[in-house]
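# Examining the three-dimensional arrangement
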Amino acid sequence: MFEIIDIINQELSSLRSKGNYRHFLHQVKDDDGNPFIKYNKDGTWVKAVNYCSNDYLSMSNHPYVIEAFTRSSKIYGVSSGGTRNISGTTEAHISLEKTLSQWHEKEAALLFGSAYIANLATLQTLGRRIPELIFFSDEKNHASLIEGMRSAGNKKIVFKHNDIHDLEEKLSNADPLAPKLVIFESIYSMNGHVAPAAEILKLAQEYKAMTYVDEVHAVGMYGAKNAGYCFNDPTAIKPDIINGTLSKAIGTFGGYIASSAEVVDFVRSFGSGFIFTTSLPPAVCSAAEASIELLQKDKERVYKMKTLVHLFRKLLTEEGIPFTFNQSHITPIKVGNPEKCKAIADRLLHDFGIYIQPINYPTVPLGEECLRVIITSAHNEDQIYHLVQSLKKCIRG
Ligand code: PLP
């Protein structure tokens with residue numbers, strides 16, 4: 001026992017000495033739902049504007065969503081009280097799954113405690129039940145996708161990030177008779193890269209591979225009815241399995257997959273991470289459904305968020321501050337050194353009232369440390385001007 005504690009302490013000290021130890025600040029919101037961070041500065045609590053919230057459209061504060069949550073919690077209470085199989089399925093779950101399947105133009109959908117669990121449980125179930133299945137995985141895939149494949153133990157072939165030619169070479173070298181699943185994200189969370197989704201989906205079809213797309217950072221903000229990046233082009237081939245979250249643009253909590261009736265029934269029937277855990281609180285499902293109802297027709301919030309992102313990047317360019325350009329709403333500013341990254345973030349926080357979480361290893365590879373800036377629809381133009389001027393002072397020293 002003592003040895004275990006010694007190892008734990010050594011690992012934690014090593015994390016601290018490399019500048020990679022994680023500190024959590026408290027998030028608060030003002031009456032209009034604007035995201036702030038509260039932190040202790042010399043004994044007093046002060047506020048800073050939050051530029052790393054994934055509540056991209058501020059739906060977590062929308063009165064209609066809160067009202068749906070309140071109404072539902074008065075009917076069901078604040079917990080489902082069981083697993084889906086043992087009294088944890090309510091009308092709110094069924095109704096949300098129907099809405100999700102229709103939104104993503106699929107036959108069915110299945111809810112999970114988070115998108116992380118949805119990825120883990122779905123890939124694990126497919127892999128374990130179909131041992132000859134080969135995974136083809138983009139090298140930058142999220143930890144939850146990697147963990148799902150790893151825990152299944154199937155053959156995994158990693159293709160170069162967003163590289164359609166490398167994927168083709170790898171698909172063409174694989175056993176033509178083996179079942180295949182191509183797994184990628186439509187928008188990569190840390191670098192904001194957008195996948196050549198239409199090309200990958202077409203290629204997979206040519207090689208008779210099924211496709212699994214993590215749309216966590218796209219649902220609610222891209223494509224027709226804001227259903228995700230894969231819905232940008234109505235004529236493009238659609239993924240076989242879509243993974244999404246209810247916890248980012250939708251502003252509530254939970255995750256899901258949407259797919260054919262058979263795939264959903266298969267994961268529902270065999271997925272350990274679906275079966276043996278308490279289902280989402282029904283009120284959360286009702287809130288998510290209310291949010292999706294609004295987002296399906298939203299133009300205003302998405303437009304405001306994207307317009308502010310555009311302004312931010314224009315000002316960065318004018319000030320000569322380099323950033324990783326991409327087609328998404330995520331703007332990484334590469335620093336490339338964990339101590340420097342943390343020092344810039346600390347100065348932004350203490351001197352300028354700006355909170356940007358430094359992104360260090362293991363979230364990104366060593367040398368890729370960055371400030372990942374998230375502009376939401378709750379920010380305003382004045383804040384963006386202040387942000388760029390502050391970044392200029394902190395980065396240039
Ligand atoms: N997939 C990707 C690409 C993510 O970035 C994240 C979380 O940030 C997840 C899945 C997990 O989503 P959730 O927060 O719903 O578990």
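To be clear, the structure that these remarks concern was listed above.
Keep in mind the model is a prediction, meaning the values are calculated, not measured.

Once that is clear, we can look at the sheet that holds strand β14 (residues 370-374). Spatially, β11-β14-β13 is the arrangement adopted by the three strands of the open sheet, whose pairing is antiparallel. Edge positions in the open sheet fall to β11 (330-334) and β13 (358-359), since each of these has one partner strand only. Bridge count between β11 and β14: five bridges; the pairing is antiparallel. Bridging across to β14, Lys334 finds its partner in Cys370.

Okay, the site of the ligand next. Close to the ligand lie 14 residues; Ala115, Asp214, His217, Thr245 and Lys248 are nearest. Within the contact set of the ligand, an oxygen atom lies 3.5 Å away from a side-chain nitrogen or oxygen of Ser114. With respect to the ligand, the backbone of Ala115 contributes an N or O atom lying 2.9 Å from an oxygen atom. Protein chains shield 85% of the accessible area of the ligand, which is 390 Å² for the free molecule. With three residues, helix α4 (residues 115-129) is the largest single contributor of residues to the shell around the ligand. A breakdown of the residues in the shell around the ligand according to their chemical character gives three nonpolar, eight polar and three charged.

Turning to the sheet that holds strand β5 (residues 134-138), a few remarks are in order. Spatially, β4-β10-β9-β8-β7-β5-β6 is the arrangement adopted by the seven strands of the open sheet, whose pairing is mixed. Since the sheet does not close on itself, it has two edges, and those belong to β4 (108-112) and β6 (156-159), each with one partner. For this sheet the average axis-to-axis angle between neighbouring strands, irrespective of direction, equals 20°. Relative to β6, β5 is paired through four bridges, and the arrangement is parallel. If you follow Asp138 over to β6, its bridge partner there is Phe159. Each of β5, β6 and β7 (180-185) touches helix α6 (residues 164-173); the most contacted strand, β6, lies at about 155° to it.

This part is about empty space enclosed by the protein. With the rule as written, the count across this model stands at one cavity of 30 Å³ or more. In terms of lining residues, the largest cavity is bounded by Arg84, His93, Leu111, Phe112, Gly113, Gly273, Phe274, Thr277, Thr278, Ser279 and Leu280. Secondary structure elements with two or more residues in the lining of the largest cavity: β4 and α9 (272-275). Its residues assigned to classes, the lining of the largest cavity shows four nonpolar, six polar and one charged.

Cut-offs used in this document
- Residues numbered from 1 in each chain as written.
- Predicted model: local features only at pLDDT ≥ 70, side-chain atom pairs only at ≥ 80, totals over all residues.
- Heavy atoms only, no water.
- Pairing = 2+ DSSP bridges.
- Helix = DSSP H or I, 4+ residues; strand = E, 2+ residues; numbered from the N terminus.
- Near = heavy atom within 4 Å.
- Polar contact = N/O pair within 3.5 Å; in protein donor to acceptor, adjacent residues only side chain to side chain.
- Areas by Shrake-Rupley, 256 points an atom, 1.4 Å probe, with all protein chains shown as cover.
- Nonpolar A, V, L, I, M, F, W, Y, C, P; charged D, E, K, R; others polar.
- Axes fitted to C-alpha atoms, helices over the stretch in contact; angles between N-to-C directions.
- Contact = heavy atoms within 4.5 Å.
- 1 Å grid on protein atoms, 1.4 Å probe; cavity = no way out; pocket = protein on both sides within 12 Å on 5 of 7 lines; lining within 4 Å.
- Points joined across faces, edges and corners; volume = space filled by probe spheres on them.

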